[in-house]
Structures are given as C-alpha cells and as structure tokens.
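# Structural overview for review
Here is how the chains run, residue by residue.
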Amino acid sequence: MKEHLVIFDTTLRDGEQSPGASMTKEEKLRVARQLERMQVDVIEAGFAAASPGDFAAIQNIARVIKSSTVCSLARSSENDIRRAGEAIAPAVRGRIHTFIATSPIHMEKKLRMTPDQVVEAAVRAVHWAREYTDDVEFSAEDAVRSEVDFLCRVFAAVIEAGASTINVPDTVGYSVPTVWGELMRTLIERVPGAGRVVWSTHCHNDLGMAVANSLAAVLAGARQVECTINGLGERAGNASLEEVVMAVRTRSDLFPVQTRIDTTQIVPASKLVSQITGYPVQPNKAVVGANAFAHESGIHQDGVLKHRETYEIMRAEDVGWAQNKLVLGKHSGRNAFKSRLSALGIVLESEEALNAAFGRFKELADKKHEIFDEDLQALVSDDEMTPPGEHFKLVYSRVCSETGETPAADVTLTVGGVERKAAGIGSGPVDATFKAIESIAASGAQLLLYSVNAITTGTDAQGEVTVRLARQGRIVNGNGADTDIVIASARAYLNALNKLQFPDRLDPQGDV
Ligand code: KIV
Ligand code: ZN
C-alpha cells in the first residue's frame, strides 16, 4: 500500500512572485478552481499581510474552494499571522504557513536576530497560528544554508508548539539531489517528534534541480512537495507540479507514494496559468510543452506507430493532451454552450455574464468554423477581463498595411463612456494600433512584453495576445483573443490599461 504524497501548490503565492505574473482576484479564483478540479491537496492562495488585495483574494478563494485546503503564508509576526487567520477563516479546511529564516546569513544580515530569538519567534508564531487552525505549517527559510543542529532545534521547538507540517525550503536553489535527500533523512531521524508531523520539501530551480531535489526528498521520507504549475516562481521558479506528479506516477516502481491528482487536468491548468500570467510554456518543457509528445524523427514515428511504448513513457491523454476536439459550432444553442462551459469547470456567476459570453461565442462562430475547448476558455477569460464599466473600451479599429507603405491605424475607443477617435502610424499594424490607442490614453506606460500565440491550429485560429505594461513600479498583464490578431492585440492593450486604471482590482505582489 502506497503512502499519500501531499501536493501543495504555491502557484498563487510563490508563482505570483515571478516578475509580471501578478493576477487579479478573479484570475486567482479561476486558477484556484482549476487546482481544486485537479485535486490538489493544499492551495497556497497568497500572503494575506502583503496587501489588502492579497487578503481579499485569499478570503475569496477560502469561501469558494471546498475540497482543497486553503492556505495563507505569514511571516512570524503577530500581525501577519492574524491577517492570515482572518483570510482563511471561511475555508472548510484552512492552513496557516508561517516561516522565519534560519541560516546564519539570513539571521545576521536580514533579520538581525540571534539564533535564540529566532527559535522564540518561531514558537510564538506557531502558538498564534494555532489560535486559528490546527493545521499549521512551519518553514525554515533558507534551510539549505542553515546549520543542521540549529534546524533540529528549531523544528523540535515548533513541533512541540503544535506545528503539523514541517517544510524544508531550498530557498536559493543551491542544493543537489544527494545532499537534499540526505538532509531530509537526517532531520527525520534526529528531530524529536518527527513522527508526529508531515515532512515537506520546497525547492527552487536556480540550478535546474528543483524537481530532482524534491523527488530525492520524497525518497528520503518527505510526504509533501511544494510546487507550482509550469514551475512558475521566484527567479528560476519552483519545482514544477506536473513533473513531480508524473515522475511519481510513471516511476511507481521507485516511489513508495501516490498523489490524488487528476492528471488529465494538468494540461488545462498549464494553459490557464500561462494565459493568465503571460508566461509562455517552452515547447520542449516536460509534460506540458507543445512538443512533449511530438515525435519528429522517422525512426521514432515508425516505432510509436508500431507500438506506442517504444518511445513514450506516458500517454498524452493521461495528462490532458488531445483535448483539441471540436465541441461546438455556429448552430449550437445556449444550453449546449452552457453545458460545455460547465464540463470545462467554468462557472459564470450571473445570467448576464452567460448571455454576454454566449453573444461573443456566436460572433466567434460566425468567423470561425470549428470552436474548440481552448477557444471557449479564451472567450470566457476575455469576457471576465472586460467587465461592464471598464474605462477603455474598443469600439472600432482599422489598419492599412501594404508593401512599401507605412502601416496606419484608426481606432475609436470609449474612455469612461465618451467616444474618442485617433489615428497612428507604426512599424507594423500592431505598432500603429498601439500608437493610436496611446494617443488617446496617454498612459505613459512602458511596454514590457508583447506575445501572440495561436490558441488552436489552422489559419482561422484565434490569436491570443498578452501585453505586459509597467508604470510607476506596477506591472500588469493584459490578454485578448480574436481571429484577427490586430483586434486581439488592441483588446490585450486595453485590458492592461484598464488594470492600470483600477489598482484595487489588482493584487500587488508580496514582499517575502
Ligand atoms: O523559498 C522559500 O523559502 C519560501 C518560503 C516562504 C517557504 O518560499
Ligand atoms: Zn519559495
């Protein structure tokens, strides 16, 4: 009988600490719903004390999510822990994850605390957290560069104080599998009370070893892995959820554990996170890259056709690929549309939202013969991101792009309900359109990223555009989808401008 491996997803917290990956409250809820659908055990929904936006997003997720534990991060201060406790209060199962640094360099240079003070603060934090929930996780930040004797001392003290999960982070991505596994084994052997808690590993990918290190920790006794969708996260990212889950499942001959993840939800989760954050997935990324199951060489193709397992260790459909199927068309009715959305786990809160989405579906079906699940996902995101009352709205756009001529664009927008027109020229049709929009909006924002992806295949596919803008230290992502990529681009640009316009709809990143 295999032991249960807890999958702790921190896409919404550590993942969101990737530059430019900040998500709105609505976007976070969509990701959380997908994580729940995937049967993630614990969703780290954010860092409640970081900002009112983060607090509200966690509380919102705690209200809606029923079958995953909802967790908030908190430093070891009383204020942080009380904010975390309040944010998770509505959850069916809520966890507080508190941490303090334990390495000499962090204690001395960052915290300016003595080791005794750190132990005291850690114990106090766990006591405060236990006032809110029995499910308290403690992390020793920068455990990788901490002294083992000191780690044993801190961990013993917090277990005594009531922590039920002990997390060992490689905060700076410095370890290698043999060393990381050995540290986990030593801690489990030496820490008094080790048998009463779940041991957890949290690895960063600075040397490209986050997944390997996490798996080594599992072989040494860890029973929780902290990870993110697509390996998103601070700097080089965190251990990727899909790689950890599929390694454990595919090599069940080696790992004495199993997860409860519905692996068919992995690719939809990957696409959703990539779409929302504007972080593309590299084509050769394990499990979720577009080429992860593509066989280019003739020898491989021949082998796979004769017997799939000659070159494939996993089945594409088991991780949610091959869902690119025709679902709806021009003649599909509102009920078929609604039931397909619900099969995709998309919940539109009101009749108005459903009607608006259905209207856009009909428009799309007029332009595009075959509508796939991915088109529906993009269409609904687009609707969610353009709520009624938005400040900048596209009314009309036209571009002229000819060989040998400078591309020119005309746009009509409504700005706060008032119609405005402008023209622009640029190095290409998108550039001309953005210049025309800027001549109205005068946002002064800096364009950090512009990317286009085809949502499905074929020249009639919708282009999905991400625009990342920065202004006064704030970074936002805007998305837009349309069969016309200039219109998709204009929508994405306006979506980003609307987010800059309404800061209260954003969750600024926590400074952890
Ligand atoms: O990397 C890290 O140390 C963290 C902790 C807050 C767990 O993210
Ligand atoms: Zn981290």
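About the criteria used
Going along each chain's sequence as written, the residues are numbered from 1 onward. Working convention: letters from A go to chains and numbers from 1 go to ligands, in the order in which they are written. With the structure being a predicted model, the display of local features is reserved for residues of pLDDT at least 70 and the display and counting of side-chain atom pairs for 80 or more, all residues being used for whole-chain, interface and lining totals. With hydrogens and water excluded, all non-hydrogen atoms of the structure serve as input to the side-chain values. The criterion for strand pairing is that DSSP finds at least two bridges linking the strands in question. Going along the chain from the N terminus, every DSSP run of H or I of four or more residues is numbered as a helix, and every run of E of two or more is numbered as a strand. Structural elements are reduced to axes, namely lines fitted to C-alpha atoms, with helices fitted over the stretch in contact, and the angle between N-to-C directions of any two is expressed from 0 to 180 degrees. Note on contacts: a residue pair is in contact if any heavy atoms of the two residues lie within 4.5 Å. One side-chain nitrogen of Lys or Arg within 4 Å of one carboxyl oxygen of Asp or Glu is enough to make a salt bridge. With a 1.4 Å probe rolled over the protein chains alone, any residue whose accessible area is under 20% of its type maximum counts as buried; one over 50% counts as exposed, and the rest are partly exposed. Throughout this document, a residue counts as near a molecule or strand when at least one of its heavy atoms sits within 4 Å of that molecule or strand. Here a polar contact means two N or O atoms within 3.5 Å. Within protein one must be a hydrogen donor candidate and the other an acceptor candidate, and residues neighboring in sequence count only if both atoms are side-chain atoms. All accessibility values rest on the Shrake-Rupley procedure with a 1.4 Å probe; residue burial counts only the protein chains present in the view. The path from the first strand over the helix to the second decides the hand: if it runs clockwise while the strands point away from the viewer, the crossover is right-handed. Working rule for helices: expected span equals 1.5 Å times residues minus one.

## As for the sheet that holds strand 17 (residues 463-471)
Pairing is antiparallel across the open sheet formed by three strands, whose spatial order is 16-17-18. Of all the strands in the sheet, the pair left with one neighbour each is strand 16 (446-454) and strand 18 (474-482). Mean inter-strand twist for the sheet, computed between neighbouring axes without regard to direction, equals 15 degrees. Across the sheet, helix 10 (residues 266-277) lies against strand 17 and strand 18, angled at about 115 degrees from strand 18, the strand it touches most. Helix 16 (residues 485-501) contacts strand 16, strand 17 and strand 18 of the sheet and is inclined by roughly 150 degrees relative to strand 18.

## Considerations on the pattern of salt bridges
One pass over the structure, following the stated rule, counts 36 salt bridges. In this structure, Glu-44 engages Arg-13 in a salt bridge whose closest nitrogen and oxygen atoms are separated by 3.0 Å. With Glu-44 in strand 3 (residues 42-47) and Arg-13 in the loop between strand 2 (6-9) and helix 1 (25-37), this pair connects stretches of sequence that are 31 residues apart. The class for Glu-44 is buried, based on a relative accessible area of 0%. Residue Arg-491 is joined to Asp-482 by a salt bridge in which the shortest nitrogen-to-oxygen separation is 3.1 Å. The exposure class assigned to Asp-482 is buried, which follows from its relative accessible area of 5%. Ionic contacts of the salt-bridge type, sharing partners, join the residues Arg-13, Asp-14 and Glu-44 into one network.

## Remarks on the site of ligand 1
With respect to spatial proximity, the complete set of residues near ligand 1 consists of Arg-13, Asp-14, His-97, Phe-99, Ser-139, Glu-141, Asn-167, Pro-169, Thr-171, His-202 and His-204. Thr-171 places a side-chain nitrogen or oxygen 2.6 Å from an oxygen atom of ligand 1. Between ligand 1 and His-202 there is a distance of 3.1 Å, counted from an oxygen atom to a side-chain nitrogen or oxygen. Protein contacts shield 96% of the accessible area of ligand 1, which totals 260 Å² for the unbound molecule. Going through the elements one at a time, strand 5 (94-101), strand 6 (136-141) and strand 7 (165-170) are the ones with two or more residues in the shell around ligand 1.

## Side note on the pairing of strand 8 (residues 198-203)
With five of six residues buried, strand 8 is to be regarded as a mostly interior element. By the bridge criterion, six bridges tie strand 7 to strand 8 in an arrangement that is parallel. Note on strand 8: the bridge partner recorded for Asn-167 is Ser-200. With three bridges joining them, strand 8 and strand 9 (residues 224-227) adopt parallel strand pairing. Each residue of the ladder has a partner; that of Thr-201, found in strand 9, is Val-225. Read from strand 8 through helix 8 (residues 210-219) to strand 9, the crossover connection turns out right-handed.

## Things to note about helix 10
Given a rise of 1.5 Å per residue, 12 residues ought to cover 16 Å, and the 16 Å separating the end C-alpha atoms of helix 10 matches this to within 8%. Looking at the residues trailing helix 10, positive phi occurs at Gly-278, about 75 degrees.

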